Amino acid sequence: MPENKTMTIASGRRMRNLLTNPKYLMVYATIGIFLLIYLFGALLYGGRGFTSVRTFMLFFSDNAYIGISAVGMTLVLITGGIDLSVAAVASLTGMIIAYGTTVLGIHPLVCIGAALLVGVGLGALMGACIQYLNVPPFITTLTGMFFARGVCSLISRESISIKHPLIDALAGFKIYLTWPNAQGEWVKIKPVASIDLNTIAFILMIVIGTIILQKTRFGRNVYAIGGNEQSATLMGLPVSRTKVLVYAFNGLCSVLAGISYVLYVKSGWNLSLQGAELDVISACVIGGVMLSGGVGYMFGTLFGVLLKATIPAIITFNGSMNSWWAKIFTSVLLLLFIIIQRAVIASSQWVKKKE
Amino acid sequence: MKKTLISGAFVRSKLFWAIVAELLILLVGFILRPDFLSIQLRTLSDGTTVLFGTPVDIFNRASEITIIAMGMTLVIALGGTDISVGALVAVSGAIALKFLRWDVLVYTTPGDYTVQPYYLVILLPLLTCTLMGLFNGVLIGKLKLQPIIATLILMVGGRGIAQIVTNGKQFTTQYTPFKFIGNGSFLGLPLPILITLVVVLTVVLFVRRTSFGMFVESVGINPNASRVSGLRSDTIIIIVYVLTGLLSGISGLIYSSRISSNDSNNAGLGYEMDAILAVVIGGTSMTGGKFSLLGTVVGSLIIRTITTLVLYFGVVSEAIMAFKALIIAVVIVLQSEPVRNAIAKRRSKRIALGGEARA
């Protein structure tokens, strides 16, 4: 069957292409370094439960809000923009839900609806400001961040705890992981590991983000704008609409991240999540998204978030190191990654020149 | 044609709108509270006379941001951003207090003043911040990294370093020569204002009296063309980031002297944002190229005036951000290209019509 043979050769070549394509090198670097650091942690603290399924699931549920926000941020960064308002909008979401539910006695779902309106509206407004008034994204979203934080503080300066059956039920939702024991019965694994709503939302958002980026016309427009906005305009792509929509989508992601954070801490505070926008951006950068635009994959962002989660985990398992070492290690990682990025770009340019 | 009082080019410039905005905010303050603009001379208990009043306070409190924003203007003129300045402020304070309170760590008897030579307390923080600026500069100038990402490294790591220096502790000091930097006064003016004046004058002279400013603008407009025409753009980039590091160090000394303490978590928090805003409000474009140091000073004053005004009327301090955002949004929209062009067009049309009527 010659036809079949050519197909195998073709798929083999595709496989090889997939592995050696410089486009994916950054994602491989992220995954590789994640595995290395995980292995390092496993060798040092494997006996104390670092390798347990429970610890691994905690990477997801403890960082779900960073991950959900990183999905929107990846899109924004690929268009060549930046959004500094994500953490403030997430904090405002938490405050709206907390104040509405606890102080005003409104049903949480209504509060979530209001937060969605505010977040998506602010995102779209910032997108419009960037696109139509030519204000740099950095300044626009910085103003958005100040605005969201300020409004948050105007609502309340105190931390408000949330007590509502719906929020409790959502936060308490857990699917326990089970495995068959010797008798063939399904029992909970030990130490107990579970998948909670935050983990599900995180994975779901990554999947949705991947589909948007890779399978839709909108996603291709996002890449085109990041590659070269002028060319995209000349090609007749809907640049303005796409950019405004990207910022609106990022607003939606920030609100979802805020809801995820509410489920995680069950309270709203005007100073919560301070500086988290930089965690989100650095997770994206570690995941191989380039701030100059046009390059980045959701899969990379997923591993960027996980990689950032392993460092504090290792420091917690160590026990004797102070939490500020996490900052130092994260900055060393960032340095490492941008130098790898630089090397990848330089080498691919070199290869192109040789050809 | 009749010569207008203010030339069209000036009306079209962003600096003009920044000054208008500052005057408007001051006017609002004056209308709401007539004593908002009063300045008086008071004699302190130790016999020195100092100027008191809200305007003096605005200038005084704007010092930290103004000093950093001088360096930030050049950074932005190069087409870059430096978001590590806030962390550098924390590092500077941490090292100064570490050396001031050396006794806490070395000797068991606590004392209030340094056992280190005083010049070390001043020089070492400045030197460290300069070196950190050099680190940023080398990453951006030599390795051609993106400025936001390159400076993100020190922004994240800097506060960690500040905490390692002091081992996570917060020291306080009553050492008078050190407290004098932020709280003292000279010739009737608070010392931070004088330091700011010296810094602004030095930077302006350095940039405008030598060809350095032109080089910066040239690199900011087109780095490749500048390189081809014989400018060593990487050296210029490194000098600018080193300068910004040094200025952040000075700002950090003023801040830690004001509170007589170090605070690795909160010192300089959000300074990078305020400094960038000051530069942009002052009329320097984020895309690089032409810059205005005077505009930056006005921008920094606008930010401080808003803060003072809002604080004056007893609004909670965290909520200031919302007002800041609103006013800055107005300023930015007024300065944005489409709006400015529209205003300039209407004006030129009016002048053109007037000219025709006379002819």
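Residues numbered from 1 in each chain as written. Chains lettered and ligands numbered in written order. Predicted model: local features only at pLDDT ≥ 70, side-chain atom pairs only at ≥ 80, totals over all residues. Heavy atoms only, no water.

### Some thoughts on the interface of chain B and chain A
The interface of chain B with chain A comprises 48 residues on the first partner and 37 residues on the second. Taking both partners together, chain B and chain A bury about 3,600 Å²; carbon and sulfur atoms supply 83% of that area. Contact with chain A buries area across many residues of chain B, yet Met273(B), Glu318(B) and Met321(B) alone supply 15% of it, more than any other trio. Inspection of the chain B/chain A interface yields 0 salt bridges. Our count for the contact surface shared by chain B and chain A stands at 2 residue pairs in polar contact (both at pLDDT 80 or more). Every element with two or more residues in the side of chain B that touches chain A is listed here: helix H7 (118-141), helix H8 (147-165), helix H14 (271-281), helix H16 (320-335) and helix H17 (337-358) of chain B. Residue composition of the side of chain B that touches chain A, by class: 32 nonpolar, 10 polar and 6 charged. (Contact = heavy atoms within 4.5 Å. Buried area = accessible area lost by both parts, 1.4 Å probe. Salt bridge = Lys/Arg side-chain N within 4 Å of Asp/Glu carboxyl O. Polar contact = N/O pair within 3.5 Å; in protein donor to acceptor, adjacent residues only side chain to side chain. Helix = DSSP H or I, 4+ residues; strand = E, 2+ residues; numbered from the N terminus. Nonpolar A, V, L, I, M, F, W, Y, C, P; charged D, E, K, R; others polar.)

### Notes on the pattern of salt bridges
Side chains that differ in charge, positive against negative, can pair when their charged atoms come close. Per the counting criterion, the structure on display carries 7 salt bridges over all chains. Between Lys266(A) and Asp168(A) there is a salt bridge whose closest N-O contact spans 3.4 Å. Residue Lys266(A) is located in the loop between helix H12 (239-265) and strand E6 (267-268), and its partner Asp168(A) is located in helix H8 (residues 165-172); the two are separated by 98 residues in the primary sequence. Beyond isolated ion pairs, a larger network of salt bridges with shared partners links Arg208(B), Glu217(B) and Lys290(B).

### Notes on the packing of aromatic side chains
In this description, a pair of aromatic rings is defined by centroid distance and the angle of the planes. All names here are of chain A. Tallied over the full model, the rule gives 19 aromatic pairs over all chains. Ring plane angle 80° and centroid distance 6.0 Å describe the contact between Tyr38 and Phe56, whose orientation is recorded as edge-to-face. Within this pair, whereas Tyr38 is found in helix H2 (residues 22-45), its partner Phe56 is found in helix H3 (residues 53-62), the two being separated by 18 residues in sequence. Note on Tyr38: relative accessible area 17%, which makes it buried. Judged by relative accessible area, which is 29%, Phe56 ranks as partly exposed. With 4.8 Å between their ring centres and 70° between their planes, Tyr65 and Tyr261 make a pair best called edge-to-face. (Phe/Tyr/Trp six-rings, centres within 6.5 Å; stacked < 30°, edge-to-face > 60°. Buried < 20%, exposed > 50% of the residue type's maximum accessible area, 1.4 Å probe, protein only.)

### Side note on the confidence of the model for chain A
Overall, the prediction assigns chain A a mean pLDDT of 85, with 95% of residues at 70 or greater. Taken element by element, chain A is modelled with least confidence in helix H1 (residues 2-20) of chain A, mean pLDDT 66, and with most confidence in helix H4 (residues 64-78) of chain A, mean pLDDT 94. (pLDDT = per-residue confidence, 0-100.)

### Considerations on the environment of Asp274(B)
Within the fold, Asp274(B) resides in helix H14. Residues Asp274(B) and Thr66(B), spaced 208 residues apart in sequence, show a C-alpha to C-alpha distance of 9.5 Å. Beyond its immediate sequence surroundings of up to four residues, Asp274(B) is in contact with Phe146(A), Ile65(B), Ile303(B) and Lys324(B).

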